[in-house]
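An overview of the molecular structure
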Protein chains: 2
Amino acid sequence: MQKYSKQTRLLLAVDCIIFGFDGDTLKILLIKRSFEPQKDNWSLMGGFVQPKESLDQAANRILKQLTELQGVYLEQLHTFGNTKRDPIERTVSVTYFALIDINKYQTQLSKDYHAEWFPLKRVPKLIFDQQEMVEAAKKRIRYKAAMHPILFELLPGKFTLPQLQTLYESVFNTPIDKRNFSKRVLATGLLIKQNDKDKAGSKRGAYYYQLNMQNYYAKFQAFMNFIPNPDSLLH
Amino acid sequence: MQKYSKQTRLLLAVDCIIFGFDGDTLKILLIKRSFEPQKDNWSLMGGFVQPKESLDQAANRILKQLTELQGVYLEQLHTFGNTKRDPIERTVSVTYFALIDINKYQTQLSKDYHAEWFPLKRVPKLIFDQQEMVEAAKKRIRYKAAMHPILFELLPGKFTLPQLQTLYESVFNTPIDKRNFSKRVLATGLLIKQNDKDKAGSKRGAYYYQLNMQNYYAKFQAFMNFIPNPDSLLH
DNA sequence: TTTATTTGTGTATTGAGTACACAAATAAAA
DNA sequence: TTTTATTTGTGTACTCAATACACAAATAAA
C-alpha cells in the first residue's frame, strides 16, 4: 500500500494544552514526562498519532488518558514542524487546546502522570518548543473568548455571575465593571436564571445561572463582545 | 538517530490555498494534478514535506514553485489527518492559505502545472478532501478579514478606494455603502492618499492610495471593523 | 444587634455605526 | 461643441450600543 515510495515518512504527535479554572485563576494541566529525552521534566500531555486514528481521535484519546473526560471542548490549534524541535528524531506535533470543568477532573487520575495544574502566569520551563505552544494557546483562548462564548466550557453546569466575571477577569487579566458585565452577558440571551443560590461563595449568596443550550449553539459563531476594549487586551 | 523505534511514521504533505483578486472576483489558483492517483484532476498546489525543511519552509517552497513569488502573505490554516483521505497511503496534510497580488503572478509559469484561477463560487470538484480545505480557507479569510486588514495583501501597492471596496464586497458577497466605507477605512489611518489618479477604471478617475506600512504593521492585530454587520456575513 | 462582605441593580453621557442624496469630473457619443 | 452617461467624492442626522458611575439589600460572623 506504500506507493509514494520515494518520500520520507515522519513521526507525528499530538500535544494538548488543557485549560481549567479553579474559581480564581486560569490554569493548565502539565505532566512529568515519563521517558527520555527530558524524563521527569514538565511537559504537555501528548502522544504519537497511531496508524488507524485521525488527529481528532488522537487528541481525544490523549485527553481521555489523562483526565478520563470525554466530549469536552477540544480544538485544533496549530501544527509545529521545525526540523529540530525534538532532538531525538524529527517529530511534527499537532497541538490541540481543551477547556475542561476542573471539578470534573479527578485528582487521583493524575497520579500516574504526576500531573499538576499551573497558573498561566507561573508555567514552569517546558520541554522542546512547548513554551511556544502554550503561548499560542494563551493567545488563541483570549482571541476566541473575546468574541465567542467559549469560556462557559470551563465552568460547571450551574454557575453564578460573580464566578463568570471572575473567569473573564482572570483570562483577560483586567477588572470589569460588574453592572456593565451583567448587562452585557444577560443581553445575549445565553443565560437562564435559576431559583437557587450559591451560598458558599458569599454571605448574601448569588443566584445560579445555566446556559440556554439552544441559544448557545445557535449563537456560538456570532461575534459577541463580552469584554470592554478587546483590542487592548489581546497582546 | 531513530529512538522512538516502535512508532509508525507517516507521510506529511503541505497544500496551499492561493487567493487572488482580479479586480472583480475573489479567486483561487488550482493545478491539474500531474501524477496518480487522480492524475489530471483539479487539485490544490501541494507537496510532501522534505526531511530538512520546516512546515513553513515547505509551504513557501510549494508556493514559489507555482508562482515564483516569495515573501507573500502565507498563514497556516489547519491540519487534515483522516486516515483515509489519501487512498494510496495515509498522508496528513498541513494546509496554508496565501494571499497574492494577482498581477504579480506570471501566467506563463502556470503552464507546467496547467494552473487556472477559479472564482470561489465556481470551484471545480477537487481531489481527496480538498473541497473541505477550500471551505475552511474561505471561512478563515472572511473571519480574519472582518477584523484585520489582510485583504490589502491581495492588491497592488497602489490602489483606489473603489477597488478596495469592490474587493470587500466580493469577499463578503454583500453591497457596502461607499460613504460609510470610505469613512471607516480612512479612519483607520492605514491609507495615504496619493496625488495621482487611476484613469483606467473610470471616466472621472479615482485617487490612488498606498498603505502606511508603519501603521499597518502596528495595527495589524487590532480589531477593526471593515464591514457592516460582520455577524451575518460569516456563515 | 452590629459589622463586614458581597450581591444586585439604573441612569446619563458619549461615541460609533448607519441610512441616505447630490454635485463634480470627464470620456464618449451625438 | 454640446450633450449624455458613468463613476467618484463627500456630509449630516439618527439610532443604538458602550461606558462611567453609587447605593441599597442580604446575611454570616462577630
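These numbers were taken from a predicted model, which means no experiment stands behind them. Each chain carries its own residue numbering, running from 1 in the direction its sequence is written. All chains are assigned letters beginning with A, and all ligands numbers beginning with 1, in the order in which they are written. Since the coordinates come from a predicted model, pLDDT governs what is reported: local features require at least 70, and pairs of side-chain atoms require 80 or more to be given and counted, while whole-chain, interface and lining totals use all residues. Excluding hydrogens and water, the side-chain figures rest on all heavy atoms present in the structure.

1. Considerations on the interface of chain A and chain B
The criterion, for reference: Residue contacts are counted whenever heavy atoms from the two residues lie within 4.5 Å of one another. Defined here as a combined quantity, buried area equals the accessible surface (1.4 Å probe) lost by two parts on assembly, summed across both. When a carboxyl oxygen of Asp or Glu is within 4 Å of a side-chain nitrogen of Lys or Arg, the pair counts as a salt bridge. Under this definition, polar contacts are N or O atom pairs within 3.5 Å; protein pairs additionally need one hydrogen-donor-capable and one acceptor-capable atom, and for neighbouring residues in sequence, both atoms have to be side-chain atoms. In this description a helix means any DSSP run of H or I spanning at least four residues, a strand means any run of E spanning at least two, and both kinds are numbered starting from the N terminus. Each residue is assigned to one of three groups, with Ala, Val, Leu, Ile, Met, Phe, Trp, Tyr, Cys and Pro labelled nonpolar, Asp, Glu, Lys and Arg labelled charged, and all others, Gly among them, labelled polar.
Facing 49 residues of chain A, the contacting portion of chain B comprises 49 residues. Across the chain A/chain B interface, buried area totals approximately 4,000 Å², and carbon plus sulfur atoms make up 59% of it. Ranking the residues of chain A by area buried against chain B places Tyr4, Ile88 and Phe223 of chain A at the top, with a combined share of 19%. Across the contact surface, chain A and chain B share 2 salt bridges. Residues Arg9 of chain B and Glu89 of chain A are paired through a salt bridge, measuring 2.6 Å at the closest nitrogen-oxygen approach. Linking chain A with chain B are 20 residue pairs in polar contact (both at pLDDT 80 or more). Breaking the side of chain A that touches chain B down by element, the ones donating at least two residues are β1 (11-21), β5 (73-80), β6 (91-99) and α6 (230-233) of chain A. Of the residues forming the side of chain A that touches chain B, the biggest block, 4 residues, is contributed by β5 of chain A. Taken together, the residues that form the side of chain A that touches chain B break down as 24 nonpolar, 15 polar and 10 charged.

2. As for the relation of the copies chain A and chain B
Put simply, the rule reads: Least squares is the method used to superpose the copies, on C-alpha atoms of residues holding a pLDDT of at least 70 in both.
Relative to chain B, chain A is turned by 180 degrees and slid 0.0 Å along the rotation axis, the superposed coordinates differing by an RMSD of 0.0 Å. Those values place the two copies in the arrangement expected of a two-fold rotation axis. Residue by residue, 100% of the interface of chain A is reproduced at the interface of chain B, so both copies engage with the same surface.

3. Focus on the packing of helix α3 (residues 161-172) of chain A against helix α4 (residues 178-187) of chain A
Two measures define how a pair of helices packs: the angle their axes make with one another and the distance between the axes. Residues and elements named next belong to chain A. To keep things clear, this is the line we draw: The axes used here are C-alpha line fits, helices contributing only the stretch in contact, and every angle between their N-to-C directions lies in the interval 0 to 180 degrees. Note on angle classes: values under 35 degrees are labelled roughly parallel, values over 145 roughly antiparallel, values of 65 to 115 roughly perpendicular, and the remainder oblique.
Relative to each other, α3 and α4 sit at 100 degrees, their axes nearing to 11 Å. If you check the angle between α3 and α4, you find them roughly perpendicular. Packed against α3, whose contacting residues are Leu161, Leu164, Gln165 and Tyr168, the element α4 presents Lys178, Phe181, Ser182, Val185 and Leu186 at the interface. Classifying every residue of the contact of α3 with α4 by side-chain character gives 6 nonpolar, 2 polar and 1 charged.

4. Examining the side chain of Asp86 of chain B
Going by this rule: Burial status follows relative accessibility: with a 1.4 Å probe on protein chains alone, a residue under 20% of its type maximum counts as buried, one over 50% as exposed, and anything between as partly exposed. Here the positive residues are Lys and Arg and the negative ones are Asp and Glu; neither His nor the chain ends is included.
Positionally, Asp86 of chain B belongs in the loop between β5 (73-80) and β6 (91-99). For the buried Asp86 of chain B, no salt bridge exists, and the shortest N-O distance to an oppositely charged side chain is 4.9 Å, to Arg33 of chain B. At 2.7 Å, the side chain of Asp86 of chain B forms a polar contact with the side chain of Tyr4 of chain A. Of note is the side chain of Asp86 of chain B, whose polar atom sits 2.9 Å from the backbone nitrogen of Ile88 of chain B.

5. Some words on the sheet that holds strand β9 (residues 191-198) of chain A
Residue and element names in this part refer to chain A. Heads up, the condition is: Whether two strands pair depends on DSSP finding at least two bridges between them.
Pairing is antiparallel in the open sheet, where 3 strands are placed in the order β8-β10-β9. Only two strands of the sheet have a single neighbouring strand rather than two, namely β8 (159-160) and β9. Strand direction decides the pairing type here: β9 and strand β10 (residues 206-211), joined by 5 bridges, are antiparallel. By the bridge assignment, Leu191 is partnered in β10 with Leu211.

6. Regarding the protein's contact with DNA strand D
Counted only if it meets this: The criterion for a residue being near a molecule or strand is simple. One of its heavy atoms has to lie within 4 Å of it.
Among the 20 residues in the neighbourhood of DNA strand D, the closest are listed as Arg184 and Arg204 of chain A together with Lys178, Lys183 and Arg204 of chain B. Each atom of DNA strand D within 4 Å of the protein was assigned to sugar, phosphate or base; sugar and phosphate come to 39%. Within the contact set of DNA strand D, a base nitrogen lies 3.0 Å away from a side-chain nitrogen or oxygen of Asn180 of chain A. At 3.4 Å, a side-chain N or O of Lys203 of chain B approaches a sugar or linking oxygen of DNA strand D. Among the secondary structure elements, those contributing two or more residues to the surface near DNA strand D are α4 of chain A together with α4 (178-187) and β10 (206-211) of chain B. In terms of residue count, the dominant contributor to the surface near DNA strand D is α4 of chain A (4 residues). A class-by-class count of the residues in the surface near DNA strand D yields 4 nonpolar, 4 polar and 12 charged.

7. Looking at the domain arrangement of chain A
Many analyses report the size of an interface as the accessible area lost when the parts associate. All names here are of chain A. Inclusion rule: For each domain, the first and last residues come from an automatic or database assignment.
Examined at the domain level, chain A breaks down into domain 1 (11-145) and domain 2 (151-233). Of the roughly 1,400 Å² buried where domain 1 meets domain 2, counting both sides, 65% is carbon and sulfur surface. It is Phe21, Arg142 and Ala145 in domain 1 that bury the most area against domain 2; as a group they hold 43% of the surface buried on that side. The tally of links from domain 1 across to domain 2 stands at 3 residue pairs in polar contact (both at pLDDT 80 or more). Breaking the side of domain 1 that touches domain 2 down by element, the ones donating at least two residues are β1 and α2 (130-145).

8. Topic: helix α1 (residues 55-67) of chain B
For an α-helix, the turn length of 3.6 residues means that residues three or four places apart are oriented alike. Residues and elements named next belong to chain B. The test is simple: Helix span, as expected, comes to 1.5 Å for every residue beyond the first. Throughout, the arc means the angular range of directions from the helix axis out to the C-beta atoms.
For α1, which comprises 13 residues, the first-to-last C-alpha distance of 18 Å matches the rise-based estimate of 18 Å (1.5 Å per residue) to within 8%. Listed in full, the buried residues belonging to α1 are Leu55, Ala58, Ala59, Ile62, Leu63, Leu66 and Thr67. Buried residues in α1, looked at end-on, bunch into an arc of 145 degrees, giving them a common side. Positive backbone phi, at 65 degrees, marks Glu68, one or two positions downstream of α1.

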